[in-house]
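# Secondary and tertiary structure notes
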Amino acid sequence: MVNFSLEGKIALVTGASYGIGFAIASAFAEAGAEIVFNDLTPELTEKGLAAYQSKGIPAHGYVCDVTKENEVKALVEEIEKEVAPIDILVNNAGIIQRIPMHEMTAQEFRQVIDVDLNAPFIVAKTVIPSMMRKGHGKIINICSMMSELGRETVSAYAAAKGGLKMLTRNIASEYGAYNIQCNGLGPGYIATPQTAPLRTEGHPFNSFILAKTPAARWGTPEDLAGPALFLASDASNFVNGHILYVDGGILAYIGKQPQ
Ligand code: NAP
Ligand code: GCO
């Protein structure tokens, strides 16, 4: 029988108090995993803990900024001591800045690269040694349409998510021999706080996205749960360095002709 169970597995999902990370962690819990997540502030972490609790999920929540190497090292040590070594890492925490490139400061650009590219490197390099010792591990990097496509105002985000795609392939190449699989999950346009500014009443981006998506709807965080579970489970043990796009068909489609 194909094994999608995560029974006995410890999963760390970064930035998972709500949104895509929360939906993925909830699905992992349903499949039997013990959930660990972090967020930036005690308030958000508490809110996340309450949200998991309301679903009957006994998650462990920590405060940690994933861009800070010392905080990530302390987080992973604490998880290993208080829970157990991590079997599954989902690099989910991310930010976006929508600013025309010629108006963006180098500091704003760096901040996006720091959270969306440097942090997945930091968290992955910190958990990989114990995965090597255990002889298995799953790393899932949350990529984006912007791992493949560009668009106005998202230069830093596209540079980071394009880089994350290649970091994914490199981790797969470097650690595949240790039975560590590293894959990317590339969401299309998903209704979360990150995309809230694009979904306001009458915003032209809303109809633009519907016309670009064969499924003709925004995705939901729950749309990502099944594909993430596949990549976290033994069912994908020979899938490595792959980016699984969950986009309602955007990357396959030229877009609907205007009427
Ligand atoms: P979201 O609603 O903005 O949630 C992102 C989470 O990451 C928040 O909890 C955020 O905390 C946390 N975070 C940000 N910086 C952090 C840091 N330095 N340390 C720890 N946590 C941090 O985003 P989402 O839409 O669920 O997106 C999750 C991931 O999917 C991101 O990587 C995003 O780029 C990617 N993605 C989203 C979409 C989409 O359409 N929504 C599509 C493709 C890819 P705060 O609340 O404190 O900021
Ligand atoms: C944007 C969006 C995107 C999405 C997502 C697409 O401004 O174009 O925010 O970047 O959030 O990453 O896959």
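What comes next is a walk through the structure. Predicted model only: the values in this text are computed from it and were never measured.

About the thresholds
- Residues numbered from 1 in each chain as written.
- Chains lettered and ligands numbered in written order.
- Predicted model: local features only at pLDDT ≥ 70, side-chain atom pairs only at ≥ 80, totals over all residues.
- Heavy atoms only, no water.
- Buried < 20%, exposed > 50% of the residue type's maximum accessible area, 1.4 Å probe, protein only.
- Helix = DSSP H or I, 4+ residues; strand = E, 2+ residues; numbered from the N terminus.
- Pairing = 2+ DSSP bridges.
- Right-handed = clockwise from strand over helix to strand, strands pointing away.
- 1 Å grid on protein atoms, 1.4 Å probe; cavity = no way out; pocket = protein on both sides within 12 Å on 5 of 7 lines; lining within 4 Å.
- Points joined across faces, edges and corners; volume = space filled by probe spheres on them.

### Here we look at the pairing of strand S4 (residues 88-91)
Side-chain alternation along S4 places Ile88 and Val90 on one buried face and Leu89 and Asn91 on a second face that is also buried. Relative to S4, strand S1 (residues 10-14) runs parallel, the two sharing three bridges. Its bridge partner lying in S4, Leu12 is registered against Leu89. Note that S4 and strand S5 (residues 137-142) share four bridges and pair parallel. By the bridge assignment, Ile88 is partnered in S5 with Lys138. In this view, the connection linking S4 to its parallel neighbour S5 by way of helix H4 (residues 106-134) has right-handed handedness.

### Focus on the layout of surface pockets
In this structure, the largest pocket occupies an estimated 860 Å³ of space. Forming the walls of the largest pocket are 41 residues, and the residues nearest its centre are Asn92, Ala93, Gly94, Ile95 and Gln194. Mapped by element, the contributors of at least two residues to the lining of the largest pocket are helix H1 (19-30), strand S2 (34-39), H4 and helix H5 (155-175).

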